[in-house]
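Listed below, chain by chain, are the residues.
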Amino acid sequence: MKTDLINHLQDYWWAYWTVFASALLLFVRFKRTDRSKSPVAQVRSLLSGHRYGDPTSPAYDPGLFGR
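No experiment lies behind these values; they were computed from the predicted model shown. (Residues numbered from 1 in each chain as written. Predicted model: local features only at pLDDT ≥ 70, side-chain atom pairs only at ≥ 80, totals over all residues. Heavy atoms only, no water.)

Caption draft 1: Focus on the environment of T33. Of note, T33 is situated in the loop between α2 (13-31) and α3 (39-48). On the basis of relative accessible area, T33 is assigned to the buried category, the value being 13%. Taking C-alpha positions, T33 is 7.5 Å from S45, a pair spaced 12 residues apart along the chain. (Helix = DSSP H or I, 4+ residues; strand = E, 2+ residues; numbered from the N terminus. Buried < 20%, exposed > 50% of the residue type's maximum accessible area, 1.4 Å probe, protein only.)

Okay, structure coming up:
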């Protein structure tokens, strides 16, 4: 039984690292959202994939061509 688990982890290590990296990226992006918004608005902003767009905010990122 133990060798089956080890073989599974060795065969699918890339999938576990992908899930871990994706969760870490979402966590970091959630930390960078605007704290003055409600948690629902923060999650909605996180899932939309857009950078924060309020030019008066210190978290504002104009993107590549806005600099």
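Caption draft 2: Here's a closer look at the packing of aromatic side chains. On inspection of all chains with the given rule, the structure shows two aromatic pairs. Ring geometry for Y12 versus W14: centroids 6.5 Å apart, planes at 55°, classification tilted. You can call Y12 partly exposed: its relative accessible area is 41%. On the basis of an interplanar angle of 85° and a centroid distance of 5.7 Å, the ring pair of W17 and F20 is categorised as edge-to-face. With W17 and F20 both in helix α2, this residue pair falls three residues apart, about one helical turn. (Phe/Tyr/Trp six-rings, centres within 6.5 Å; stacked < 30°, edge-to-face > 60°.)

Caption draft 3: Structural view of the environment of K31. Among the structural elements, K31 can be located in helix α2. A residue is classified by how much of its surface remains accessible, and K31, at 46% relative accessible area, is partly exposed. Remark: the alpha-carbon pair of K31 and Q42, spanning 11 residues in sequence, is separated by 9.3 Å.

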